[in-house]
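Chain residues, written in single-letter form:
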Amino acid sequence: MKFSIYRYNPDIDKKPYMQDFELTEVEPGMMLLAALLKIKDTMDESLSFRRSCGEGVCGSDGMNINGINGLACITPVASLKQPIEVRPLPGLPVIRDLIIDMDQFYQNYREVKPYLIVNDPMPEVELPQTPQQREKLDGLYECILCACCSTQCPSFWWNPDKYLGPAALLQASRFIEDSRDQATEERLSALEGPFKLFRCHTIMSCVQVCPKGLNPTKAINDIKKMMLKRSL
Amino acid sequence: MPDIPIRQFDSLIIGAGGGGLRAALHLSSADASVAVVSKVFPTRSHTVAAQGGMNAALANVLPDNWHWHMFDTVKGSDYLGDQDAIEYMCRAAPRAVYELEHFGVPFSRMDNGTIYQRPFGGQSQNFGGDQAARTCAAADRTGHAILHSLYQQNIRAKTHFFDEYFAVDLLKDEQGCVLGALAFNIHNGEPVIIEAKTTLLATGGAGQLFRTTTNALINTGDGMGMALRAGVPLQDMEFFQFHPTGIAGRGMLITEGARGEGGYLVNADGERLMERYAPKAKDLASRDVVSRAIATEVREGRGCGPNKDHVMLKLDHLGEAVIQKRLPGIRQTCITFLGIDPAEAPVPVFPTAHYTMGGIPTNRQGQVVIPVKDTPEEPVPGLYAAGECACVSVHGANRLGGNSLLDILVFGRAAAGHIIDYLAENRYHRKMDSNSLESALNRMQRWDRTGNGDGESVSVLRDELKAVMENHCSVFRNEEVLSEGVNKVEQIAERFKHARIDDRSSVFNTARVEALELENLVGVALATIHSAYARQESRGAHSRIDYTERDDINWMRHSLYSLGGGVDYKPVRTKPISVDSFPPKARVY
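This is a predicted model, so every value here is computed, not measured. (Residues numbered from 1 in each chain as written. Chains lettered and ligands numbered in written order. Predicted model: local features only at pLDDT ≥ 70, side-chain atom pairs only at ≥ 80, totals over all residues. Heavy atoms only, no water.)

Let us now look at the sheet that holds strand β22 (residues 566–571) of chain B. If you walk across this open sheet you meet the 3 strands as β10-β21-β22 (chain B), and the pairing is antiparallel. Here the strands that pair on one side only, and so sit at the sheet edges, are β10 (234–235) and β22 of chain B. (Pairing = 2+ DSSP bridges. Helix = DSSP H or I, 4+ residues; strand = E, 2+ residues; numbered from the N terminus.)

With that settled, the discussion passes to the interface of chain A and chain B. Listed by partner, the interface residues are 58 residues for chain A and 57 residues for chain B. Where chain A abuts chain B, roughly 4700 Å² becomes buried across the two surfaces, and 52% of that area is made up of carbon and sulfur atoms. Linking E164 of chain B and R50 of chain A is a salt bridge whose minimum nitrogen-to-oxygen distance equals 2.7 Å. Across the contact surface, chain A and chain B share 36 residue pairs in polar contact (both at pLDDT 80 or more). Of all the elements in the fold, those that place two or more residues in the side of chain A that touches chain B are α1 (32–42), β6 (94–96), α2 (103–111), α3 (131–135) and α5 (165–176) of chain A. Here the side of chain A that touches chain B is composed, by residue class, of 32 nonpolar, 11 polar and 15 charged. (Contact = heavy atoms within 4.5 Å. Buried area = accessible area lost by both parts, 1.4 Å probe. Salt bridge = Lys/Arg side-chain N within 4 Å of Asp/Glu carboxyl O. Polar contact = N/O pair within 3.5 Å; in protein donor to acceptor, adjacent residues only side chain to side chain. Nonpolar A, V, L, I, M, F, W, Y, C, P; charged D, E, K, R; others polar.)

Evaluation of the coordinates by the stated rule reveals 17 aromatic pairs over all chains. Taken together, a centroid distance of 5.9 Å and an interplanar angle of 85 degrees make the contact between F71 of chain B and F127 of chain B edge-to-face. Of this pair, F71 of chain B sits in helix α2 (residues 66–76) while F127 of chain B sits in the loop between β4 (117–118) and β5 (135–136), and the two are 56 residues apart along the sequence. In this structure F71 of chain B comes out as buried when scored by relative accessible area, which is 7%. Plain terms: the ring middles of F162 of chain B and Y165 of chain B are 5.1 Å apart, the flat faces sit at 80 degrees to each other, and that makes the pair edge-to-face. Using a relative accessible area of 3% as the deciding quantity, one classes F162 of chain B as buried. Y165 of chain B sits in the buried class, given a relative accessible area of 17%. An aromatic cluster is built from F105 and Y106 of chain A together with F41, Y151 and F161 of chain B, whose rings are joined through pairwise contacts. (Phe/Tyr/Trp six-rings, centres within 6.5 Å; stacked < 30°, edge-to-face > 60°. Buried < 20%, exposed > 50% of the residue type's maximum accessible area, 1.4 Å probe, protein only.)

All names here are of chain B. Note on placement: D546 falls in the loop between β20 (543–544) and α16 (552–555). Using a relative accessible area of 33% as the deciding quantity, one classes D546 as partly exposed. In this structure, D546 is in contact with R477, N478 and E479, ignoring residues within four places of it in sequence. At a separation of 2.7 Å, a polar atom in the side chain of D546 contacts the main-chain amide nitrogen of E479.

This paragraph deals with the nonpolar core. Membership of the largest hydrophobic core comes to 142 residues, with the highest contact counts inside it found for F3 and L32 of chain A. The element that contributes the greatest number of residues to this core is helix α11 (residues 403–425) of chain B, accounting for 12 residues. Discounting chain neighbours no more than four positions away, the residues touching F3 of chain A are Q19, D20, F21, L23, L32, A35, I39, V77, P83 and I84 of chain A. Judged by nonpolar contacts, the second largest core, of 88 residues, contains I194, A511, A525 and I529 of chain B. (Core = buried A, V, L, I, M, F, W, Y, C linked by side-chain atoms within 4.5 Å.)

Taken residue by residue, helix α10 (residues 328–338) of chain B has P328, G329, I330, R331, T333, C334 and F337 of chain B as its buried positions. The positive-phi residue at the C-terminal boundary of α10 of chain B is G339 of chain B, with phi of around 70 degrees.

Attention shifts here to the sheet that holds strand β12 (residues 264–266) of chain B. Residue and element names in this part refer to chain B. Taken in spatial order, the 4 strands line up as β11-β14-β13-β12 in an open sheet, and their pairing is antiparallel. The outermost strands of the open sheet, each flanked by one partner alone, are β11 (240–247) and β12. Taken pair by pair, the neighbouring strands of this sheet meet at an average axis angle of 50 degrees, ignoring direction. Here strand β13 (residues 311–314) pairs with strand β14 (residues 347–356) via 3 bridges, running antiparallel. In the sheet register, M312 faces β14, and the bridge partner there is P348. (Axes fitted to C-alpha atoms, helices over the stretch in contact; angles between N-to-C directions.)

The next thing to look at is the domain arrangement of chain B. Residues and elements named next belong to chain B. By domain assignment, chain B separates into domain 1 (6–239 + 357–435), domain 2 (248–353) and domain 3 (449–545). Taken over C-alpha atoms, the centre of domain 2 sits 30 Å from the centre of domain 3. Both sides of the domain 2 and domain 3 interface together cover about 470 Å² of buried area, and 68% of this is carbon and sulfur. Area buried by domain 2 at its contact with domain 3 is led by D288, R292 and R299, which between them contribute 72% of it. At the junction of domain 2 and domain 3, the tally comes to 0 salt bridges. Applying the counting criterion to the domain 2 and domain 3 interface returns 2 residue pairs in polar contact (both at pLDDT 80 or more). Counting residues per element, the side of domain 2 that touches domain 3 draws most heavily on helix α8 (residues 287–299), which supplies 6 residues. (Domains from an automatic or database assignment.)

In C-alpha cells:
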C-alpha cells in the first residue's frame, strides 16, 4: 500500500516536501493511524504526528487525508485511493510534518466562553433539567475539538482571527441551548457583527468532514435565528 | 546551576486529566497560582475515553446510600482497599457529582429532571442484596463530558496551562522536600524548571504495559516512573484490571454500561455463561470475576469464532432505540472497527488490559506517603498524587466500574484541599538542590547526544515489553510464567540502557518523547511483575493458578516495590473513619 506524506522539519528542511512510503503488510481493517505508527516504528522514527486514544474520542489525530479532513484512527486505509496522500490540517501554521499550531483554534474556542454560566445561587443538589431539555444538547456536546471542521472551512482560512469557525460556534450553541445556562443574551451579543458568526456562508464543509457526525452549520443557523428573533 | 529558565508557582500539577483538572480548579478558585503541565492538550487526556459513568449513592433510580456503596467497594476490592479512604470517597460522592453538574456536565436525565443512573457491576442495595443503580451517566460518554466541562471551568478560572510540555523528573532539596519538576516544551525542545511549593502527580495509568489494551497511547505511567526515580515505592502494582469487554483482538472498550443496560455474554454454545460463575449478579458481577469467567470459557474450548478465542456480548435484544439513546458511542465504535451494529448482531469481546489499581501510595488527603524507619506512611513534604497514578487505596485488588471517575474527582479535590493548607504554612519557595536537577537534565539530554546508544531502537524494545507483559502477567498467572517474566523484563530494563533514537531534532521530537515514556513504562513493568511474582495468593485481579485461594493471614497487606530494592509490605487500613470495619468474607456474586 502506497503513501505520500507531507514532511517538514524546520530544524533541517528549507521547505516542505512529500515523501513516499510503502507498506507491504496491511492487516484487514487497518486504520490510517496504525499505518502511520507502523511507518514511524519500522521505517522513519522522525515522522511526527499527534495521537492518543486511537478510537476517535480524544481528537488528537486530525489530518488531511486525500484532500479531506478526518481522524487517522477511524479512517480505514482500505477505503482510500492510493497513493494515500496525508497532509497536515490546512489553514493553520505547520509546526512539523502533520502537526499544526492550534493556538488560534483554541483561542477562538475560549472566546465563546465555553462554560456554563449560572447567576442564581446554586442548589445543594443538581440543577433540574428534563430529558427533552437535555436532548437539545445532543449533537452539540460531543465535539472533540479535533479542528477537522474549522480547518476545512474557507471562511476560517481567510479570517481565522476574526471568524470564530464552526468548532467554536458549535460550542457557543451548546451553551445557548443549555436550559441551565443564564447568559444567552450576553452570548448572542458577543457574536454580533459581520465576522465572528456571520462569516459563515453555509458552505457546509464542516458538516461533511466532522468525524463525530455533528452539524455545526445547523448550530450556526440556530444561533442566527435566535439573533434575528431577538432583533425583532 | 545550568542556565535554564525558571518559572515559579504556588502549585504544580502534572497531568491534565480529570484528577489534575479537578485539583487545578479547586486551587485556582482558592487564589493559588497553579501551573498545569500536560504532554497533550488537556482534552486529549485519557479521562475523555471513560464511558459508563461515575458512582454516587444519589438514589435517583433505586434506593441507595453511601454505606452500601462503601460495602460494595470494600468487597469489590477483595478486602485490600483501605476502609478509611473508601468511606471518605463514598460519602463525598454525591457532592462530587452535584459539583460536576454545576460545572455544566450534560448528564442524562430522569423524567423528573434528576440525573440518570444505571446499574453497574458489583453494586448492591442493603449490603449485598438486590442490584443497585448507582452510576451517573452522560449517555456512554461520561468521561468526555466530565473532562471537557472541567477544562472549560479551568478556562473560566484562568488556570495557567503548559500544554504539550513533558515533565521529566521531580526536583527536590537536600531534606527531600519536593520543589517542582524539570519539564521541556515539546514544541521546541527547550527545558524549563517549574518551581512550586507543592507538586501533584496526576498522570494517569500505565495501560501501555500491555499489547492489547483499552488505554490511549499516552498512558505510559509517567508519574509512577518519576516517583520511582525519586525514591518513592509503588504500591499494589500486581493488581492490574483486565476489563471483561474489550473488542476481541483490538482492545477498544465496550462499557460495562452495556451489561448495565441489559446486555449479556454468551459462549460458543449460545449459553449465558455468567449464570454459572455468578448465579445472582450474573453479568454484573465484579470485573475480575467476569474476566476470569471469559478466559476460562475460552481455555475450556467454549470460545467463539474460528479460533475459539473470544465470547460474544449480546445487545440486539435491547432494541435500536435504547442502544442509540444510552450507548451511542459504543455503537459507533463497533460499526467503525468491526463493521457490526450491536443493535443487529452480537459483539466479539475478550478481557483487555484496562486499569492500574496500584500506584503511588497516598493517604486520603492525597499526600504521597512512604515507609520511614518504623512508620509505614510518612508524608513526603510537598508531594501529592491523585487519580489512576495514585493508590489511596480505594480499589484494592479490584476496582468497581464507575469508581475511577469518582476516585479522580474526590481525591483530586481532596489533594487540592490539603495543598491549600500546606501553602498557608509554607509561604516561601525553598532552595533547590543542584544534584537533583543535574540527574533530571542528564536523563533528558541523553537522547540529544549523537550515538546516544548503540543498542536497539525504542520501538523494538517497547513492543517486546508489551508482549512479555501480556504473555507473563495476564488474567491467570503462575510461578513459572511469572519468574520467566521477571527475567525478561529485567533484561529489557538492562537493554534499555543502550537503547537509541536517531532523531535529534529540537522541534516536536516525538521519538524523544517516546523514549522518555518507555523509560517510565519499564519502571512500572518491573514494579508490576516483581510484585505479581512475590504475591503467593489469589486476590481480586491477581489470579494465581498455583495459589488459588485468598490468604488473609499472610497476604492481606499492601505491597511496595522500590526501584532496586525489591518488594516490601505494609498493613491494610481496615478501620474506617466513623463506621464499623467490614471484615473479610468469602466473595460471592
